[in-house]
Amino acid sequence: MLRIAIQAKGRLNEKTMALLADAGISASVGSRSLIAHAKGFPVDLLLLRDDDIPQAVAMGTADIGIVGLNEVEEKGVEVERVLDLGFGGCRLSLAVPREADYKDLGWFDGKRIATSYPEILSRFLKANSINAKIHTITGSVEIAPAVGMADAIFDIVSSGGTLIQNGLVEVKSVLDSQAVLIASPGLSAEKREELDKLCFRFRSIIESRGMKYVLMNIPKQSLDEALKVLPGMKSPTILHLADPDWLSLHAVIPESQLWERIERLKAIGAEDILVLVLENIVK
Ligand code: ATP
Ligand code: MG
């Protein structure tokens, strides 16, 4: 049986549980228990703080884990990065006070930088030949400059709102992060097989996210035009209607292009447009 380490509570927990649920894996997680048995797949959940997940997977305490790439990189442990999961997006960036007269990375020479990610930062500084002092703190890094503990920070940024609130400006993004599925280096053949099955489910869920299934009726003479507008998995599906002047078209469209395409289809006579949520794309 596979053991998967996930964040017990925090920003990744909810989306991790949702991904597992979409993959047919349900678990009732008590607020105090460290291990939960799941239904729907032979897997146990190990509920940890995110900081401990890379190490747990590297040591084989857990076979696989779901955690932010930022934590994996910081811990520098040897794990296999199996799959990017498409949630928990953020970046690790250097930020300086708004009033600083910042021109380039040379500004950081001789400065004190507060961070919870000293390893990633020190690698970056070394690679760029910058001599700065790293000040490791575990919480509220963003207030360090205001209270005089540091000249700049290196921290997680997503919307950038926290930086603005604290009078800071992002000057250099160092690492793009998201939740990733990691695996222990020495998995047995049996466990590797289970992992492949799990990955297959995860991939089909991730691929279907952000895609819509669209059905519409279209006048027969608009078909060529409509086919130029519509993508589809291989190509759109064309079905006949009882009315010989009309056809029904079905296609899979990325959410980001949905409205623009629908407007173009309406302009060439499409009617009765239905947009459906896609649950899985199994390839
Ligand atoms: P734990 O108690 O498990 O140690 P934590 O407080 O260290 O939790 P969270 O704040 O729950 O961590 O964040 C978990 C992960 O979510 C981060 O490591 C990062 O990969 C991701 N993340 C995405 N957006 C953000 C954000 N705006 N701020 C912080 N983390 C974010
Ligand atoms: Mg943590």
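This is a predicted model, so every value here is computed, not measured.

1. Description of the overall build of the protein chain
Within the protein chain, the secondary structure is distributed over eight helices and 15 strands. Counting only C-alpha atoms, the protein chain reaches 75 × 50 × 35 Å along its principal axes. Taking all 283 residues of the protein chain together, 43% fall into the buried category. Residue pairs at least 24 apart in sequence account for 69% of intrachain contacts in the protein chain once pairs closer than 6 positions are excluded. Within the structure as shown, the protein chain displays about 15200 Å² of accessible surface, and the carbon and sulfur contribution to it stands at 50%.

2. Thoughts on the pattern of salt bridges
Taken as a whole, this structure holds 15 salt bridges when the rule is applied. Ionic pairing is found between Arg-123 and Glu-73, a salt bridge with its closest N-O pair at 3.8 Å. Here the residue Arg-123 occupies a position in helix α4 (residues 118–127), and Glu-73 occupies one in helix α3 (residues 69–75), the gap between them amounting to 50 residues. Judged by its relative accessible area of 31%, Glu-73 is partly exposed. Note that Asp-151 is salt-bridged to Arg-112, the shortest N-O span being 3.3 Å. Linking Asp-151 in the loop between β8 (133–136) and β9 (152–157) with Arg-112 in strand β7 (residues 112–115), this pair joins segments that are 39 residues apart in sequence. For Arg-112, a relative accessible area of 31% corresponds to the partly exposed category. Within the structure, one salt-bridge network assembled from shared partners comprises Glu-260, Arg-261 and Arg-264.

3. Focus on the environment of Thr-162
Along the polypeptide, Thr-162 turns up in helix α5 (residues 161–165). Judged by its relative accessible area of 42%, Thr-162 falls in the partly exposed class. Between the alpha carbons of Thr-162 and Glu-142 there is a distance of 7.5 Å; along the sequence they are 20 residues apart.

4. Points about a nonpolar patch on the surface
A surface patch of nonpolar side chains, amounting to about 240 Å² of accessible area, comprises Ile-143, Val-147 and Met-149. For Val-147, the location among the structural elements is in the loop between β8 and β9. Of the residues examined, Val-147 reaches a relative accessible area of 53% and is grouped as exposed.

5. Some words on the site of ligand 1
Lining the immediate environment of ligand 1, one finds 15 residues, of which Arg-11, Asp-50, Asp-51, Asn-70 and Ser-158 sit closest. Between ligand 1 and Asp-51, the relevant distance is 2.7 Å, taken from an oxygen atom to a side-chain nitrogen or oxygen of the residue. In isolation ligand 1 exposes 630 Å². Once the protein is present, 76% of that is buried. For the shell around ligand 1, the class distribution of residues is three nonpolar, seven polar and five charged.

6. Quick word on the sheet that holds strand β15 (residues 271–277)
Strands sit in the order β13-β14-β12-β15 across an open sheet of four strands; the sheet is antiparallel. Of all the strands in the sheet, the pair left with one neighbour each is β13 (237–240) and β15. Strand-to-strand twist across the sheet, computed as the mean angle between neighbouring axes with direction ignored, equals 20°. In this sheet, strand β14 (residues 246–254) lies alongside β13 in antiparallel orientation, the contact comprising four bridges. Residue Thr-237 lies in a different strand from β14, and its bridge partner there is His-250. Lying over the sheet, helix α8 (residues 258–267) contacts β12 (211–219), β14 and β15, oriented at roughly 160° with respect to β15.

7. What to know about the UniProt feature "domain: Histidine biosynthesis HisG C-terminal" (unreviewed entry) in the protein chain
What UniProt calls "domain: Histidine biosynthesis HisG C-terminal" (unreviewed entry) maps, in this numbering, to residues 209–280. Helix makes up 24% of residues 209–280 and strand 40%, with an end-to-end C-alpha separation of 8 Å.

8. Focus: the environment of Phe-41
In this fold, Phe-41 is placed in the loop between β2 (35–37) and β3 (43–48). Separated by 40 residues in the primary sequence, Phe-41 and Met-1 place their C-alpha atoms 9.0 Å from one another. With residues up to four places along the chain from it excluded, the contact list for Phe-41 reads Ile-25, Glu-194, Lys-197, Leu-198 and Arg-201.

9. Structural notes on the packing of aromatic side chains
For the structure on display, the rule yields three aromatic pairs. These aromatic residues form a ring-pair network of at least three members: Tyr-102, Trp-107 and Phe-108.

What counts, and at which threshold
Residues numbered from 1 in each chain as written. Chains lettered and ligands numbered in written order. Predicted model: local features only at pLDDT ≥ 70, side-chain atom pairs only at ≥ 80, totals over all residues. Heavy atoms only, no water. Helix = DSSP H or I, 4+ residues; strand = E, 2+ residues; numbered from the N terminus. Buried < 20%, exposed > 50% of the residue type's maximum accessible area, 1.4 Å probe, protein only. Contact = heavy atoms within 4.5 Å. Areas by Shrake-Rupley, 256 points an atom, 1.4 Å probe, with all protein chains shown as cover. Salt bridge = Lys/Arg side-chain N within 4 Å of Asp/Glu carboxyl O. Patch = residues over 30% accessible without salt bridge, like charges linked within 9 Å, V, L, I, M, F, W, Y side chains within 5 Å. Near = heavy atom within 4 Å. Polar contact = N/O pair within 3.5 Å; in protein donor to acceptor, adjacent residues only side chain to side chain. Nonpolar A, V, L, I, M, F, W, Y, C, P; charged D, E, K, R; others polar. Pairing = 2+ DSSP bridges. Axes fitted to C-alpha atoms, helices over the stretch in contact; angles between N-to-C directions. UniProt positions renumbered as here; feature names shortened; annotations may be inferred. Phe/Tyr/Trp six-rings, centres within 6.5 Å; stacked < 30°, edge-to-face > 60°.

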